[in-house]
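# Tertiary structure, described
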Amino acid sequence: MGDFDYSVIFNNIPFLVDGLKVTFLLTILAVIGGMVLGTILALIRIAQIPIASWLAAAYVNFFRSLPLILVIFWLYFLVPLFLGRPVGSFYSVLIAFVLFEAAYYSEIIRAGISSVRSGQIAAGRAIGLTYPQTMRYIVLPQAFRSMVPVLLTQAIVLFQDTSLVYVVGLKDFLVSAELIANRDQRLVEMFVFVAIVYFVFCFAGSLYARHLQKKLAT
Amino acid sequence: MISISNASKWYGDFQVLNDCTTHVSKGEVVVVCGPSGSGKSTLIKCVNGLESIDKGKIMVDGDVVNDKKTNLNILRSKIGMVFQSFELFPHMSALDNVILGQIKVLKRSEDEARARAHDLMAQVGLSEHAGKYPAQLSGGQQQRVAIARGLAMDPIALLFDEPTSALDPEMINDVLDVMVNLAQDGMTMMVVTHEMGFAQKVAHRVVFMDEGCIVEDAPTDQFFQAQGSERAQQFLSKILTH
Ligand SMILES: Nc1ncnc2c1ncn2[C@@H]1O[C@H](COP(=O)(O)OP(=O)(O)O)[C@@H](O)[C@H]1O
Ligand SMILES: [Mg+2]
């Protein structure tokens, strides 16, 4: 044990913090983008618009049947092809996460919307609100309130999943730590540290989600 | 004001409305009663287009409800509806429940809507409770907020679907008092209810439904003078002995 040298961590804090910033930025942007796209998909499915609803359902089932790492790979190669210019791994990865997470968020949001009593929609329509207004002012606020713990849990999973970006060489927290570990030959120290950091954030997040769940139940 | 002509409706093979014809004139109060499952809620929901009919014609204020060209949102904003289960919006204060439609549908200014909402909360006797959320109010109070929410749209008519059926007995009168005042102020009302005291006090006519049909449609006095159909008499004797 005496061989362990944890000073490698403290000597490289700025570099590691930069990596952690990438991880957080990716998580936050992917959660926002995924929820926006997911909400749109959920609304299209629920509105039962002839072809659009079928397409939305196909989208969701398609992305839920693929491994995330494959989507990351694909987008890494496809997005530059599609746009005709390189976009940098951060953006290709971000798009991959948004497209992928939207499929999951859409299912969560759809369940949340269905949990709102149908009488609420009738009451909204009865005062003359349009269908979109009823969704916007009556249904979605209630749906999101009941979904917050599940959405947070999904965000925690996403936070962990962002580590998959190592396959395209994006310098997130894990990749930054790995670079230092290899350079300084401090693999054990670095990976113990990385594990602790992931654990602390995720555990705190799930405790908070559980707290919210309890609060909602009362 | 409201005229229903030969309206029929099916849920699959099941005919829920069978050739229903009746009307509510301006300033008139019509009570609709009948056994559970007879189609009362469905009929009243067809009046503001929350449900659609398959045959016949429903007209409100000169517009045909079951016509694709009619803007149902505008039509609904002109007819208030009060539900058995209140259906207040639980994520808003009582006052905001009364404000929402005024701003989003009638495009009133925030100040104007708020002032009107306060007036209406006073009218239904709930001024002190304006800031509370629905979950903090009793059933009777929630239903009175729901009536205020409907009135906020300055409706030409109000529809009630068993507004007191979900209430504890001691709260029923608070809600009925508000409704009686509205009726006496000349509001046009179509009220599904089994509160026969209310019917005798303010209804101009009573409609009795059974198995999707309008079996009786008579002036209130006549309806209660036991001249009607056997089915209606049986029904009346059952609910009046309670
Ligand atoms: N959405 C629906 N689908 C199928 N059947 C329905 C639906 N809504 C109501 N019904 C049926 O139509 C009948 C009349 O219902 P309703 O209008 O609610 O009666 P009431 O209000 O007089 O009790 C009932 O038998 C009910 O089961
Ligand atoms: Mg009913």
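Residues numbered from 1 in each chain as written. Chains lettered and ligands numbered in written order. Predicted model: local features only at pLDDT ≥ 70, side-chain atom pairs only at ≥ 80, totals over all residues. Heavy atoms only, no water.

This next bit is on the site of ligand 1. Residue and element names in this part refer to chain B. Lining the immediate environment of ligand 1, one finds Tyr11, Phe14, Val16, Pro35, Ser36, Gly37, Ser38, Gly39, Lys40, Ser41 and Thr42. The backbone of glycine 39 places a nitrogen or oxygen atom 3.0 Å from an oxygen atom of ligand 1. In this structure, threonine 42 approaches ligand 1 through a side-chain N or O atom, which is 2.5 Å from an oxygen atom. Relative to its free-state accessible area of 560 Å², ligand 1 is covered by the protein chains to the extent of 58%. Taken together, the elements giving at least two residues each to the shell around ligand 1 come down to strand 2 (14–24) and helix 1 (40–47). The element that contributes the greatest number of residues to the shell around ligand 1 is helix 1, accounting for three residues. (Near = heavy atom within 4 Å. Polar contact = N/O pair within 3.5 Å; in protein donor to acceptor, adjacent residues only side chain to side chain. Areas by Shrake-Rupley, 256 points an atom, 1.4 Å probe, with all protein chains shown as cover. Helix = DSSP H or I, 4+ residues; strand = E, 2+ residues; numbered from the N terminus.)

With that settled, consider empty space enclosed by the protein. With a probe scaled to a water molecule rolled over the atoms, the places where space remains empty come into view. As enumerated under the stated definition, the model contains one cavity of 30 Å³ or more in all. Roughly 60 Å³ of volume is contained in the largest cavity. Taken together, Ala123(A), Ala126(A), Ile127(A), Arg76(B), Ser77(B), Ile79(B), Gly80(B), Met81(B), Ala146(B), Arg149(B), Gly150(B) and Met153(B) make up the full set of residues lining the largest cavity. Those elements giving two or more residues to the lining of the largest cavity turn out to be helix 6 (118–126) of chain A together with helix 2 (72–77), strand 6 (79–82) and helix 5 (139–151) of chain B. Its residues placed into classes, the lining of the largest cavity shows seven nonpolar, three polar and two charged. (1 Å grid on protein atoms, 1.4 Å probe; cavity = no way out; pocket = protein on both sides within 12 Å on 5 of 7 lines; lining within 4 Å. Points joined across faces, edges and corners; volume = space filled by probe spheres on them. Nonpolar A, V, L, I, M, F, W, Y, C, P; charged D, E, K, R; others polar.)

Attention now goes to the packing of aromatic side chains. To describe a pair of aromatic rings, you give the distance between the ring centres and the angle between the ring planes. Residue and element names in this part refer to chain A. By the definition in use, this model includes 14 aromatic pairs over all chains. The interplanar angle of 55° and the centroid separation of 5.9 Å between the aromatic rings of phenylalanine 173 and tyrosine 198 together place this pair among those described as tilted. Placement of phenylalanine 173 in helix 8 (residues 173–184) and of tyrosine 198 in helix 9 (residues 187–217) is noted, with a sequence separation of 25 residues between them. Tyrosine 198 sits in the buried class, given a relative accessible area of 12%. Measuring from ring centre to ring centre gives 5.2 Å for phenylalanine 199 and phenylalanine 203, while their planes differ by 10°; the resulting arrangement is stacked. Taken as a pair, phenylalanine 199 and phenylalanine 203 lie in helix 9 at a separation of four residues, close to a single helical turn. Its relative accessible area of 41% is what places phenylalanine 203 among the partly exposed residues. One aromatic cluster is present, formed by Phe24, Phe159, Phe173, Phe193, Tyr198 and Phe201 through successive ring pairs. (Phe/Tyr/Trp six-rings, centres within 6.5 Å; stacked < 30°, edge-to-face > 60°. Buried < 20%, exposed > 50% of the residue type's maximum accessible area, 1.4 Å probe, protein only.)

This part is about unusual backbone geometry. We note that Gln48(A) has phi near 50°; this positive angle belongs to a residue other than glycine. Assignment of secondary structure puts Gln48(A) in the loop between helix 2 (13–47) and helix 3 (50–64). Take Gln48(A): its relative accessible area is 65%, and that puts it in the exposed class. Here the phi dihedral of Asp19(B) falls at roughly 55°; this positive angle occurs in a residue that is not glycine. Along the chain, Asp19(B) falls in strand 2. Overall, Asp19(B) belongs to the partly exposed group, its relative accessible area being 44%.

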